[in-house]
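Secondary and tertiary structure notes
Below are the chains, spelled out letter by letter.
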Amino acid sequence: MDMLELVDIFVLALLAATAVAVARVRNLWAAVMFTGIYSFLGAAWMLILDAPDVAFTEAAVGAGISTVLMLGTLALTSREEKPSKKSPVLPLIVVVVTGSTLIYGTLDMPRVGDPSAPVHTRMNPSYIEKSEHDMHGEMPNVVTSVLASYRGYDTLGETTVIFTAGIAVLLILRKPGKRKTELPNSAEQKGSHG
Amino acid sequence: MDINSLAGLFNYWIVIVLMMTGFYIVIARGNLIKTVIGLNIFQISVFLLYITMGRVDQGTAPIIQEAAQADQAYSNPLSSVLILTAIVVGVATTALALALIVRIREDYGSIEEDEILILDRES
Amino acid sequence: MDNFPIIRVITKLLMPYILLFAFYVQFHGDFGPGGGFQAGVILAAGLILYGLVFGLPALQKVAPPRVIEWLIALGVLVYAGTGIATMLLGGKFLDYEALKHHVLPGWLPEGQHLGIFLVELGVGITVTSVMTVIFYCFAGREPVDGH
């Protein structure tokens, strides 16, 4: 067992502990903070798995932007979760059954890191070999060339999705002032918040 | 199925356990923000599953180095690309969900699923 | 945040490096890890940090909401515009080989390199502005008391 494997197991254990903590904790503020920690650990693990591009996107998004957005939502709503009256038995059964089915499915998968796995052999020549030729050696980062060139249509679609989501948030949340003036007690509200 | 090939699947199993934790939060909790948090955890776990699949033994990040040997193995760039865009799209859609939650709270005065359902039936 | 001088000073110190790193990731993404999506979220995270520490009005002075809203559309326009440009130059949609030119060879990027540069620029602009606008929406709203 080498050093990296040890780090691997350590990060995975921390990830599992954080996920369980999120499930158990009642205070929403704490849950949001744990989610941030979870994202950051996920980013650390992605770095171990040789995907630096994804790792620092996840670090900036998960630990930065989405945590801030969730905290902003908490400030606009409430910080405590009401104790649930639902019994946890049925969800637990569903989760255990789904999980065991998925684990049964993994038994047919090649082990992690197997160079002969279909993921690594089905593209022939692989993007790595193709990129070296097509990009005339100017683009050493294959992730960028696949993202912007080989899968350019896909990325255009993703950018449009982000664009649409941004517009939708704008439509839902913009200009709270205008709505409030329609309410009869707008003057009091402005006084108490201003 | 010997012990070595089972140990090679260990990472997948942990990722599945993480996914199921997120799934449990989504279906067991009535609080809308908690549900979004659960979806987030589920989502990150799926990202980890993809990245795990893209990894290769003795590999390195998919950035071609001039100095490397000819047979240098690189991890699969395709899984990185897919997840890279998925992360940013994910945060945009999460923001949309949170915006809807803020509006629900403003109109219903609650972010608990059961209370909202009762208010809906009364009206 | 007026009561936290340490946070204010550290943020002021870190700010230029966060912005510089974001631009480095954007424009060096062809050679090292990086690209439009990564740079966009890092730049937006930097702006959001500034807004959290110095208040929303201070951030909106640096990045006015109207400009940011325009930039959301501009990014997608740059991306799709690159595709249209390649079509006008005789290639297919987003076929960067059509972008070959002979102006300052070796200095200006051309072909695939130029196309990828433009596309990543469009992605970076859209991602940064969408994240910032979303932050404006959440931070600019005032809590309404429930029933």
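Residues numbered from 1 in each chain as written. Chains lettered and ligands numbered in written order. Predicted model: local features only at pLDDT ≥ 70, side-chain atom pairs only at ≥ 80, totals over all residues. Heavy atoms only, no water.

**Remarks on a nonpolar patch on the surface**
Residue and element names in this part refer to chain C. A surface patch of nonpolar side chains, amounting to about 480 Å² of accessible area, comprises I6, V9, I10, L13 and L14. Summarising the element assignment, V9 is placed in helix 1 (residues 5-27). Overall, V9 belongs to the partly exposed group, its relative accessible area being 48%. (Patch = residues over 30% accessible without salt bridge, like charges linked within 9 Å, V, L, I, M, F, W, Y side chains within 5 Å. Areas by Shrake-Rupley, 256 points an atom, 1.4 Å probe, with all protein chains shown as cover. Salt bridge = Lys/Arg side-chain N within 4 Å of Asp/Glu carboxyl O. Helix = DSSP H or I, 4+ residues; strand = E, 2+ residues; numbered from the N terminus. Buried < 20%, exposed > 50% of the residue type's maximum accessible area, 1.4 Å probe, protein only.)

**Observations regarding unusual backbone geometry**
You will see that Q58 of chain B, though not glycine, has its phi angle at about 55 degrees, which is positive. Judged by relative accessible area, Q58 of chain B falls into the exposed class, the value being 72%. Not every positive phi belongs to a glycine, and L94 of chain C is a case in point at roughly 60 degrees.

**Things to note about the packing of aromatic side chains**
Per the counting criterion, the structure on display carries eight aromatic pairs over all chains. With a centroid separation of 4.9 Å and 40 degrees between ring planes, the pair formed by Y50 of chain C and F54 of chain C is classed as tilted. Placement of the pair is Y50 of chain C and F54 of chain C together in helix 2 (residues 36-54), with a separation of four residues, close to one helical turn. Judged by relative accessible area, which is 17%, F54 of chain C ranks as buried. Through successive ring pairs, a cluster of aromatic residues spans F56 of chain A together with F21 and Y24 of chain C. (Phe/Tyr/Trp six-rings, centres within 6.5 Å; stacked < 30°, edge-to-face > 60°.)

**So, the pattern of salt bridges**
Inspection of the entire model under this criterion finds twelve salt bridges over all chains. Here E81 of chain A ties to R29 of chain B by a salt bridge, and the two come within 3.0 Å at their closest N and O atoms. Here R29 of chain B lies in the loop between helix 2 (10-28) and helix 3 (32-54) and E81 of chain A lies in the loop between helix 3 (52-76) and helix 4 (89-106), a pairing that spans two chains. We note a salt bridge from E106 of chain B to R103 of chain B, for which the minimum N-O separation is 2.9 Å.

**A word on the packing of helix 3 of chain A against helix 3 of chain B**
Running from amino to carboxyl end, helix 3 of chain A crosses helix 3 of chain B at an angle of 175 degrees, the nearest separation of the two axes being 12 Å. Considering the angle they form, helix 3 of chain A stands roughly antiparallel to helix 3 of chain B. Counting all contacts with helix 3 of chain A, which are made through V54, E58, M70, T73 and L74 of chain A, the residues of helix 3 of chain B involved are I33, V36, I37, N40, I44, F47 and I51 of chain B. Its residues placed into classes, the contact of helix 3 of chain A with helix 3 of chain B shows nine nonpolar, two polar and one charged. (Axes fitted to C-alpha atoms, helices over the stretch in contact; angles between N-to-C directions. Parallel < 35°, antiparallel > 145°, perpendicular 65-115°, else oblique. Contact = heavy atoms within 4.5 Å. Nonpolar A, V, L, I, M, F, W, Y, C, P; charged D, E, K, R; others polar.)

**With respect to the side chain of T77 of chain A**
Along the polypeptide, T77 of chain A turns up in the loop between helix 3 and helix 4. Taking relative accessible area as the criterion, T77 of chain A reaches 10% and is therefore assigned buried. The contacts of T77 of chain A, once residues within four sequence positions are left out, are I33, I101, V102, R105 and I111 of chain B.

**A look at the interface of chain A and chain C**
Taken together, the contact pairs 41 residues of chain A with 46 residues of chain C. For the pairing of chain A and chain C, the buried interface totals around 4,100 Å² over both sides, and the portion due to carbon and sulfur atoms is 73%. When the buried surface of chain A facing chain C is broken down by residue, F56, I65 and L76 of chain A rank first, second and third, together holding 14% of it. The interface formed by chain A and chain C contains one salt bridge. (Buried area = accessible area lost by both parts, 1.4 Å probe.)

**Considering the packing of helix 8 (residues 152-173) of chain A against helix 4 (residues 77-108) of chain B**
Between helix 8 of chain A and helix 4 of chain B, whose axes approach to 9 Å, the crossing angle comes to 15 degrees. As the angle between them shows, helix 8 of chain A and helix 4 of chain B are arranged roughly parallel. By crossing handedness, the relation of helix 8 of chain A to helix 4 of chain B is classed as left-handed. Facing helix 8 of chain A, whose interface residues are D154, E158, V161, I162, A165, A168, V169, I172 and L173 of chain A, helix 4 of chain B presents L82, T85, V88, V89, A92, T93, A95, L96, A99, L100, V102 and R103 of chain B. Partitioned by chemical class, the residues of the contact of helix 8 of chain A with helix 4 of chain B number 16 nonpolar, two polar and three charged. (Left-handed = near helix turned anticlockwise from the far one by under 90°.)

**Concerning the interface of chain A and chain B**
Listed as interface residues are 86 residues of chain A and, on the opposing side, 77 residues of chain B. Carbon and sulfur atoms supply 75% of the area buried between chain A and chain B, which totals about 7,700 Å² over both sides. Linking chain A to chain B there are five salt bridges. Applying the counting criterion to the chain A and chain B interface returns 19 residue pairs in polar contact (both at pLDDT 80 or more). Listing elements by their share of the side of chain A that touches chain B, those giving two or more residues are helix 1 (3-24), helix 2 (28-48), helix 3, helix 4, helix 5 (118-121), helix 6 (127-134), helix 7 (142-150) and helix 8 of chain A. For the side of chain A that touches chain B, the leading source of residues is helix 3 of chain A, giving 13 residues. Of the residues contributing to the side of chain A that touches chain B, the split by class is 53 nonpolar, 15 polar and 18 charged. (Polar contact = N/O pair within 3.5 Å; in protein donor to acceptor, adjacent residues only side chain to side chain.)

**What about the confidence of the model for chain C?**
For chain C, mean pLDDT is 89; residues scoring 70 or higher make up 97% of the total. Interface confidence for the predicted complex, given as ipTM, is 0.91, next to a pTM of 0.88. (pLDDT = per-residue confidence, 0-100.)

**Here we look at helix 1 of chain C**
Along its 23 residues, helix 1 of chain C runs 34 Å from first to last C-alpha, staying within 8% of the 33 Å computed at 1.5 Å per residue. What helix 1 of chain C keeps buried is the set T11, M15, A22, V25 and Q26 of chain C. (Expected span 1.5 Å × (residues − 1).)

**Focus: the environment of A92 of chain B**
Residues and elements named next belong to chain B. Within the secondary structure, A92 is located in helix 4. A relative accessible area of 1% places A92 in the buried class. Put simply, A92 and F42 are 50 residues apart on the chain and 16 Å apart in space, counted from C-alpha to C-alpha.

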